[in-house]
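Report on the structure
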There are 2 protein chains.
Amino acid sequence: MIDVLPARAPESVDLDATIHRFDSAAPTLDVRDLGASRGDGVFETLGVVGGHPQAVDAHVARLVNSAALLELPEPNVAQWRRAIEVAAASLPTDRQGGIKVVLTRGVEGTNTPTGWIVATASSSDFAERETGVRVVTLDRGYASDVAARAPWLLPGAKTLSYAVNMAALREAHRRGADDVIFVSSDGFVMEAPTATVILRFGDSIVTPRTDIGILPGTSQLSVFAFAQARGLRTQEALVPVADLGSADAAWLVSSVRLAAPITAIDDVPKPIDLQLTREMNAALLARED
Amino acid sequence: MIDVLPARAPESVDLDATIHRFDSAAPTLDVRDLGASRGDGVFETLGVVGGHPQAVDAHVARLVNSAALLELPEPNVAQWRRAIEVAAASLPTDRQGGIKVVLTRGVEGTNTPTGWIVATASSSDFAERETGVRVVTLDRGYASDVAARAPWLLPGAKTLSYAVNMAALREAHRRGADDVIFVSSDGFVMEAPTATVILRFGDSIVTPRTDIGILPGTSQLSVFAFAQARGLRTQEALVPVADLGSADAAWLVSSVRLAAPITAIDDVPKPIDLQLTREMNAALLARED
């Protein structure tokens, strides 16, 4: 079951009047929309647990930041928050789900952005939260100073232009893996195509610094809060690729799949810290804000 | 006036039954289409002169190549050629125009690609074919060996993920220029966000080699044919950035704007070869295939 809420931004709309269900609905997007013709827009994906959207503040803040990086009109935050609540409430409460929030530059020539939300009840049992994922490292092509040197490449913006992210996942599958860790051309760990990398070294939890041109992780923020509450140290760092081998444990964290322990990197097995993984996912599932 | 032809591929459809005009038409695209939500698709833009689409063979060949690089189903070439003819014939013959051909991975979960064409009559007088464009060079972030090293970055595929191309054009405007020449991180000339770079050195016409990770130019092919017929030498080469300064003349060539002479590169004036530019554009406008 999936619903969509086309939500014009920044103007106010009657959200309740815009909800419809795909099984009975006609298409709603104009093919001339620059989101569809140029990947020219931004998005967020939120997890939904028990009908409740998770980490709304962090996601809305990142949406606003992405929009600023693309010079889109500033999102109407109050309206988006309300739309997210309505969309989440439309999902069944007995399964986990996800909400995709999209803001595009709109139909070419109109100077009016287009916004919508798609809410999806998941059919997954999320077994990989315990069984883990195999990953391969793939060169992202950019050096770690790309964000400072070339902001027009939109590092740090979560744009709709994800063809490369999707191609990287296909390459991983071709290599017998489930997912990808992108590395910079000068040898630093970046991020996954749709997740953040987290490593454990002893009692330290480490994630790559965002100033190398990667997205700030919303779930990573929650994992760090959990880790600090548990007495672990947390650090954003420049992470050389070699650290993937020396880490005691590693995860990909994202909003719907949550924390997936990494079981192998480029075919080298990595032990799972099952106890910490379970606590981590329990903390992520319990988020109320 | 704009028409759209939603054309499912690779199955055959009754094209004449799918034509409609935007001024009276409802939206046709599902927001769950991966073209709209992931920029996951490919496209071509063709010029239309006197109701006749230009360089159809080259564009269809590049569409097929882009689709292969993205592992999309092979386009039904005969159907696309027919759709292009129908779309072009829908445009007024007293103005130049353009056709945008799009093929996406389709609605998530359906494994059925989506295809459409948008035909647009231009309101431009294309003055820049004589007055030229000011360009800035911008770092594309990739080294010139990216295509060999990291094919998952999709070098050489004309994808819908153009957010970076659009951001680069905004950066050019911010710097008081009209357009961009992307350069590799190791100092070679690449391409413009929506055009190919062509340089003249004496009686040699040069364009960057595509194996550095850029698109093969369809209009560039036509310019080379014109140049050879006129007795000029033509060459695909590794072009160091310094060659932009030493070139006797430079152009950005693309399917609708055609050959736009470059009048300045990073605020350094570049003389226009007006005679050759006029002959070049006359040859491009006269194309019958």
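Residues numbered from 1 in each chain as written. Chains lettered and ligands numbered in written order. Predicted model: local features only at pLDDT ≥ 70, side-chain atom pairs only at ≥ 80, totals over all residues. Heavy atoms only, no water.

An unreviewed UniProt entry annotates chain A as Aminodeoxychorismate lyase originating from Humibacter ginsenosidimutans. Per its UniProt entry, chain A bears the Sequence similarities (unreviewed entry) comment "Belongs to the class-IV pyridoxal-phosphate-dependent aminotransferase family." (UniProt positions renumbered as here; feature names shortened; annotations may be inferred.)

1. Some details on the relation of the copies chain B and chain A
Here chain B sits on chain A after a turn of 180 degrees about the axis and a move of 0.0 Å along it, with an RMSD of 0.0 Å. Taken together, the rotation and translation describe the operation of a two-fold axis. When the interface residues of chain B are mapped onto chain A, 100% of them again lie at the interface, so the same face is used by both copies. (Least-squares fit on C-alpha atoms with pLDDT ≥ 70 in both. Contact = heavy atoms within 4.5 Å.)

2. Here's the deal with the pattern of salt bridges
What the rule picks out here adds up to 36 salt bridges over all chains. What you see here is one network of salt bridges that share partners, running through Glu71 of chain A together with Arg170, Glu171, Arg174 and Arg175 of chain B. (Salt bridge = Lys/Arg side-chain N within 4 Å of Asp/Glu carboxyl O.)

3. Quick look at the interface of chain B and chain A
Counting residues at the interface gives 47 residues for chain B, matched by 48 residues for chain A. Carbon and sulfur atoms supply 58% of the area that chain B and chain A bury against each other, a total of about 4200 Å² over both sides. Among the residues chain B hides against chain A, the three largest losses belong to Val31, Arg38 and Trp152 of chain B. Together they make up 19% of the total. At the boundary of chain B with chain A, the tally comes to six salt bridges. Along the contact surface separating chain B from chain A lie 25 residue pairs in polar contact (both at pLDDT 80 or more). (Buried area = accessible area lost by both parts, 1.4 Å probe. Polar contact = N/O pair within 3.5 Å; in protein donor to acceptor, adjacent residues only side chain to side chain.)

4. Notes on the domain arrangement of chain A
Residues and elements named next belong to chain A. Assigned domains within chain A: domain 1 (2-121) and domain 2 (128-285). Each of domain 1 and domain 2 was reduced to a C-alpha centroid, and the two centroids are 25 Å apart. Taken together, the contacts link 24 residues of domain 1 with 19 residues of domain 2. Both sides of the domain 1 and domain 2 interface together cover about 1600 Å² of buried area, and 61% of this is carbon and sulfur. Looking only at domain 1, the three residues that lose the most surface to domain 2 are Phe43, Arg62 and Gln96, adding up to 34% of its buried area. At the boundary of domain 1 with domain 2, the tally comes to eleven residue pairs in polar contact (both at pLDDT 80 or more). (Domains from an automatic or database assignment.)

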